[in-house]
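Summary of structural features
This is what each chain is made of:
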Protein chains: 2
Amino acid sequence: MRMTSQREIILEELKKLKNHPTADELYLVVKKRLPRISLATVYRNLEQMSEAGIIKKLEYSGRQKRFDGATHPHNHIHCIRCGRIADVKTRPGNSVHSIIKDAAGFQVIDDQIEFTGICPDCLTTENMGNSH
Amino acid sequence: MRMTSQREIILEELKKLKNHPTADELYLVVKKRLPRISLATVYRNLEQMSEAGIIKKLEYSGRQKRFDGATHPHNHIHCIRCGRIADVKTRPGNSVHSIIKDAAGFQVIDDQIEFTGICPDCLTTENMGNSH
DNA sequence: ATAAAAATAGTAATCATTATCAAATAGGAA
DNA sequence: TTCCTATTTGATAATGATTACTATTTTTAT
Ligand SMILES: [Mn+2]
Ligand SMILES: [Mn+2]
Ligand SMILES: [Zn+2]
Ligand SMILES: [Zn+2]
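Here the structure is a predicted model, which means the values were calculated and not measured.

Around DNA strand D, the structure places 16 residues, and the nearest of them are A:Y43, A:K65, B:T4, B:T41 and B:R44. At the protein interface, 74% of the atoms of DNA strand D within 4 Å belong to sugar or phosphate. In this structure, B:Q6 approaches DNA strand D through a side-chain N or O atom, which is 3.1 Å from a sugar or linking oxygen. Contact between DNA strand D and B:T41: a phosphate oxygen at 2.7 Å from a side-chain N or O atom of the residue. Among the elements of the structure, α3 (39-51) of chain A together with α1 (5-16) and α3 (39-51) of chain B are those that each provide at least two residues to the surface near DNA strand D.

Spelled out as structure tokens, the structure:
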């Protein structure tokens, strides 16, 4: 992945922000440094960088997608009122219960494990070998 | 919550389907019994019933919302290729690792705990007492 | 320098969901 | 039953985030 100036600045500003911005929030910030950048460019590069694993895309909650410059494994809590997303700090050995007590001041309502993967059907199709 | 015939049939058909249908998928099924029903009515009632806790709304995955007639606590795995969502059966005492091995035939790529709650700011606003 | 490939800016299109609103329906009170 | 009022519905318009498109610009390789 070649680092264009747009891509570099998008990444740089995303890493500065600790609040998991949406694409358009980040666009407003980046525009201060690159006044001619297009919103489509921000979307495009965020998508590409998340596919490349340089950043992380947070798309649970059915709302706007949010992006995270911190790629180390960590969990999030999101507010059902305003949609805000915050990190949940965990240490190895912490029980879910102890995590709940220290969820960045949130009143925790629910927790569930979200698994992602590839379903049996898609695995079969993939192995038929019409990929790349 | 009064049970109109539309609402009753939407709930009935949702409970029959075990594959977490989207609103429009369920609409097609319900239309066989109520040919004059509107898609908006399906959306409206799914929203209301999920607010009432009669059904569950699954909105993680960034795609179309899906609905679940089974309200007991359970986790889901979703396919990053086709978006399909399946139940993950867990028993008390199962480690996350053992769950992963039996995730309905899926190849598991990632798991994370998703917390939902109310953020400090929204809690403050709520306690100022301009609610209901 | 020239040509091919990749990326960008600007804008149009998409599509799931929500909002709107006139018409239909359902309960009650009289 | 009849009339009144509140709720719900069906149809359609509006919204809004994201993606697709395309002409132009920028980069890379020859
Ligand atoms: Mn984070
Ligand atoms: Mn389920
Ligand atoms: Zn909040
Ligand atoms: Zn699949």
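A separate point is the domain arrangement of chain A. All names here are of chain A. Entries for chain A in the domain assignment read domain 1 (1-71) and domain 2 (72-132). Facing the 10 residues of domain 1 at the interface are 13 residues of domain 2. On inspection of domain 1 and its partner domain 2, the count reaches 0 salt bridges. Where domain 1 meets domain 2, there are 5 residue pairs in polar contact (both at pLDDT 80 or more). Residue composition of the side of domain 1 that touches domain 2, grouped by class: 3 nonpolar, 4 polar and 3 charged.

With that out of the way, let us pick up the sheet that holds strand β4 (residues 85-88) of chain A. Here we have 6 strands laid out as an open sheet, ordered β4(A)-β3(A)-β5(B)-β5(A)-β3(B)-β4(B), and mixed in their pairing. Only two strands of the sheet have a single partner each, and these edge strands are β4 of chain A together with β4 (85-88) of chain B. For this sheet, the mean inter-axis angle between neighbouring strands, taken without regard to orientation, is 35 degrees.

Trans is the prevailing form of peptide bonds, just as negative phi is the prevailing case for residues other than glycine. Residues and elements named next belong to chain A. Phi is positive for H20, which is not a glycine, with a value near 50 degrees. Within the fold, H20 resides in the loop between α1 (5-16) and α2 (23-31). For H20, a relative accessible area of 3% corresponds to the buried category.

Overlay of chain B on chain A (RMSD 0.1 Å): rotation 180 degrees, translation along the axis 0.1 Å. On this basis, the relationship between the two copies can be described by a two-fold rotation axis. When the interface residues of chain B are mapped onto chain A, 100% of them again fall at the interface, so both copies present the same face.

All names here are of chain A. Note on the manganese ion (ligand 1): its protein donors are H20 (NE2), D68 (OD), H74 (NE2), H76 (NE2) and D87 (OD). The metal-donor distances range over 2.0 to 2.3 Å. Donor residues binding the manganese ion (ligand 1) come from one chain and are separated in sequence as H-x47-D-x5-H-x1-H-x10-D. Separated by 11 residues along the polypeptide, H76 in strand β3 (residues 75-79) and D87 in strand β4 bring together distant segments of the chain. With a relative accessible area of 28%, D87 lands in the partly exposed category.

Turning our eyes to something else, we now look at the protein's contact with DNA strand C. Around DNA strand C sit 16 residues in total, of which A:R2, A:T4, A:T41, B:Y43 and B:K65 are the nearest. For DNA strand C, the fraction of protein-proximal atoms (within 4 Å) that sit in sugar or phosphate groups is 77%. A distance of 3.2 Å separates a base nitrogen of DNA strand C from a polar atom in the side chain of A:S38. Within the side chain of A:T41, an N or O atom sits 2.4 Å from a phosphate oxygen of DNA strand C. Of all the secondary structure elements, the ones that give two or more residues to the surface near DNA strand C are α1 and α3 of chain A together with α3 of chain B. With 4 residues, α3(A) is the largest single contributor of residues to the surface near DNA strand C. Broken down by class, the residue content of the surface near DNA strand C amounts to 4 nonpolar, 6 polar and 6 charged.

Calculation rules
Residues numbered from 1 in each chain as written. Chains lettered and ligands numbered in written order. Predicted model: local features only at pLDDT ≥ 70, side-chain atom pairs only at ≥ 80, totals over all residues. Heavy atoms only, no water. Near = heavy atom within 4 Å. Polar contact = N/O pair within 3.5 Å; in protein donor to acceptor, adjacent residues only side chain to side chain. Helix = DSSP H or I, 4+ residues; strand = E, 2+ residues; numbered from the N terminus. Domains from an automatic or database assignment. Contact = heavy atoms within 4.5 Å. Salt bridge = Lys/Arg side-chain N within 4 Å of Asp/Glu carboxyl O. Nonpolar A, V, L, I, M, F, W, Y, C, P; charged D, E, K, R; others polar. Pairing = 2+ DSSP bridges. Axes fitted to C-alpha atoms, helices over the stretch in contact; angles between N-to-C directions. Buried < 20%, exposed > 50% of the residue type's maximum accessible area, 1.4 Å probe, protein only. Least-squares fit on C-alpha atoms with pLDDT ≥ 70 in both. Donors = N, O, S within 2.8 Å, 3.2 Å for Na, K, Ca; no water.

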